[in-house]
Amino acid sequence: SSGINAEYGDRGKFTKMIFRASLLLGALFGISTCLKVGIIHMHGLDESYDVPDHLHFKRYIEEATNIPVHLVDAFNKLSSLTPLAKQVPEILEKVKVIAAQYDKVIAVGYSQGGVIWRGMIESWDDHNVDTFISIASPQHGIAGPPPLLKKMVPYIDNFSRTPTFYLFVYSPLGQNLAPLNYYLDPYHYERYLEHAEFFPRLNNEKGTDEEKARQKTNFLRLRKLVLVGGPDEDALRPRESAQFGYYNERGNRDNVVIPMEETRFYQEDLFGLRSLDERGGVVMCTVEGPRHVEFRDDQTVMDRCVVSAVRDLVGE
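Numbering of residues begins from 1 in every chain and follows the order in which that chain's sequence is written. Given that the model is predicted, a residue must reach a pLDDT of at least 70 before its local features are reported, and side-chain atom pairs must reach 80 or more before they are shown or counted; all residues, however, enter totals for whole chains, interfaces and linings. The side-chain figures draw on all heavy atoms in the structure; neither hydrogens nor water molecules are used.

1. Digging into helix 14 (residues 299-314)
An α-helical turn contains 3.6 residues, so a residue and the one three or four places further along point in the same direction.
Step number 1: With 16 residues, helix 14 extends 21 Å from end C-alpha to end C-alpha; this agrees with the ideal 22 Å at 1.5 Å per step.
Step number 2: Here the bend at a residue means the angle between the axes of two seven-residue stretches, the one that ends at it and the one that starts at it. Where helices and strands are cited, they refer to DSSP runs of H or I of at least four residues and of E of at least two residues respectively, numbered from the N terminus. Of all bends in helix 14, the biggest is about 30°, found at Val 307.
Step number 3: Each residue gets one of three labels from its accessible area relative to the maximum for its type: buried under 20%, exposed over 50%, partly exposed in between, using a 1.4 Å probe on protein chains only. Along helix 14, the positions that sit buried rather than exposed are Gln 299, Thr 300, Val 301, Met 302, Asp 303, Cys 305, Val 306, Val 307, Ala 309, Val 310, Leu 313 and Val 314. For a helix, the expected span equals 1.5 Å multiplied by the number of residues minus one.

Spelled out as structure tokens, the structure:
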């Protein structure tokens, strides 16, 4: 974790001072004074809700914004490998209890927690999630081993292209592991579509017309979607997935990445991404420097991507 580095100390204090001043001005002029807002944070894969970085995130954001942050205690450590089709509805029941305390909710999902949050949003009718902040989360999926693993085990990249690997990924055994639930190999797209259940349904790539319409309606209840990623991401492949960019049809064979606007998700507006973007609801928050685990409580991420999103809501 990067923690609060000395070089950012003054800037952090300045951010808090400006934020509090904006809240004071809002109170003086009667802006959003009755709006009750809470932040609900979902952790990532193979970690727990109360790791030091998430506790630091909670303390920092609460102090900077005076908005309570709830860290969701669910599917910690090894249980985070549980298939997401099981995780999402169970976590949602806990989240609904927290969200009922507030007029509007800001959802924060780190890494796999961002995919879980999108699953909850799309399956939650009449939700009160105003803003969804997705931090270093594989929103368009993953394909191939992460860069960090490639450095340690050079041959694994070639192995990920073999039939042995992709047949396992899209087998019942492979799909019983959460991180393989969002493994989207464009080169074997038909196999993905046939054998994966959670991710194609999340993206409205398959499902009934009624299911697709419901999920799209729920997604479009969001006012803002903040996509946080950066060039030094070392766990997601491709790293652009954090901001809905992805490989072309050859996947990790050519490693050609297309931006969000050129993907099928966006162009066909499968679950509402293009519609949300066209009304000004998608914010790209790109931060240089942090690696994957450092996104959890990086100072710049918290100030530029999170505090600014809170201010955007409470300062309306």
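2. Looking at the packing of helix 2 (residues 52-65) against helix 14
The axes of two packed helices give the description: the angle between them and the distance between them.
Step number 1: For helices, the axis comes from a line fit to the C-alpha atoms of the stretch in contact; other axes are also lines fit to C-alpha atoms, and the angle between any two N-to-C directions lies between 0 and 180 degrees. Direction vectors running N to C along helix 2 and helix 14 enclose 50°, while the axes themselves pass 11 Å from each other. The angle between helix 2 and helix 14 places the two elements in the oblique class. When you trace helix 2 past helix 14, the crossing you get is right-handed. In this structure, helix 2 contributes His 56, Phe 57, Tyr 60, Ile 61, Ala 64 and Thr 65 to the contact, and helix 14 contributes Gln 299, Met 302, Asp 303, Val 306, Val 307 and Val 310.
Step number 2: When its residues are assigned to classes, the contact of helix 2 with helix 14 shows eight nonpolar, three polar and one charged. Roughly parallel means an angle under 35 degrees; roughly antiparallel means over 145; roughly perpendicular covers 65 to 115; every other angle is labelled oblique. In this scheme, a crossing is called left-handed if the near helix is turned counterclockwise away from the far one by less than a right angle; it is called right-handed if the turn is clockwise. Contact between two residues is taken to exist if any of their heavy atoms lie within 4.5 Å; hydrogens are not considered. Three classes are used, and their members are as follows: Ala, Val, Leu, Ile, Met, Phe, Trp, Tyr, Cys and Pro are nonpolar, Asp, Glu, Lys and Arg are charged, and the others, Gly among them, are polar.

3. Focus: the pattern of salt bridges
Step number 1: Only one rule defines a salt bridge in this text: a Lys or Arg side-chain nitrogen within 4 Å of an Asp or Glu carboxyl oxygen. Per the counting criterion, the structure on display carries 19 salt bridges.
Step number 2: The partner of Arg 223 in a salt bridge is Asp 130, and the shortest N-O contact between them spans 3.0 Å. Linking Arg 223 in the loop between helix 11 (209-219) and strand 5 (224-229) with Asp 130 in strand 4 (residues 129-135), this pair joins segments that are 93 residues apart in sequence.
Step number 3: A salt bridge links Asp 312 to Arg 223, with the nearest nitrogen and oxygen atoms 2.9 Å apart. Placement of the pair is Asp 312 in helix 14 and Arg 223 in the loop between helix 11 and strand 5, with a sequence separation of 89 residues.
Step number 4: Residue classification places Arg 223 among the partly exposed positions, given a relative accessible area of 23%.
Step number 5: Taken together, the shared-partner salt bridges in this structure form one network comprising Lys 104, Asp 130, Arg 223 and Asp 312.

4. Quick notes on the sheet that holds strand 3 (residues 104-110)
Step number 1: Pairing is parallel in the open sheet, where six strands are placed in the order 2-1-3-4-5-8. The open sheet has two edge strands, strand 2 (69-71) and strand 8 (282-286), and neither has a second partner. Averaged over all neighbouring strand pairs, the angle between strand axes comes to 20°, with direction disregarded.
Step number 2: DSSP calls a pair of strands paired once it identifies at least 2 bridges connecting them. Direction of pairing for strand 5 relative to strand 8: parallel, over a ladder of five bridges. Each residue of the ladder has a partner; that of Gly 229, found in strand 8, is Thr 286.
Step number 3: Here helix 2 sits on the sheet and contacts strand 1 (37-42), strand 2 and strand 3; the angle it forms with strand 2, its principal contact strand, is near 165°.

5. A look at the side chain of Gln 87
Step number 1: Along the chain, Gln 87 turns up in helix 3 (residues 84-99).
Step number 2: Residue Gln 87 is classed as buried on the basis of its relative accessible area, which comes to 0%.
Step number 3: Here Thr 82 takes part through its backbone oxygen, which lies 2.8 Å from a polar atom of the side chain of Gln 87.
Step number 4: Those residues in contact with Gln 87, other than ones at most four positions away along the chain, are Phe 75, Ser 79, Ser 80, Leu 81, Thr 82, Gln 112, Ile 116 and Ala 178. Residues adjacent in sequence count toward polar contacts only when both atoms are side-chain atoms; beyond that, a polar contact is any pair of N or O atoms within 3.5 Å, and within protein one must be able to donate a hydrogen and the other to accept it.

6. Brief notes about the environment of Phe 132
Step number 1: If you trace the backbone, Phe 132 turns up in strand 4.
Step number 2: As a C-alpha pair, Phe 132 and Ala 309 span 177 residues in sequence and 9.2 Å in three-dimensional space.

7. Regarding the packing of aromatic side chains
Step number 1: Working definition: rings of Phe, Tyr and Trp (its six-membered ring) pair if their centres are within 6.5 Å, and the pair is stacked with planes under 30 degrees apart, edge-to-face with planes over 60 apart, and tilted otherwise. On inspection of all chains with the given rule, the structure shows eight aromatic pairs.
Step number 2: Judged by centre distance (6.5 Å) and plane angle (70°), the ring pair of Tyr 170 and Tyr 183 falls under edge-to-face. Here Tyr 183 lies in the loop between helix 8 (178-181) and helix 9 (189-195) and Tyr 170 lies in the loop between helix 7 (163-169) and helix 8, a separation of 13 residues in the sequence. There is no split in this pair, since Tyr 170 and Tyr 183 are both buried.
Step number 3: A ring pair is formed by Tyr 170 and Tyr 192, whose centres lie 6.1 Å apart and whose planes are at 65°; its orientation type is edge-to-face. Of this pair, Tyr 170 sits in the loop between helix 7 and helix 8 while Tyr 192 sits in helix 9, and the two are 22 residues apart along the sequence. Pair check on accessibility: Tyr 170 and Tyr 192 agree, each one buried.

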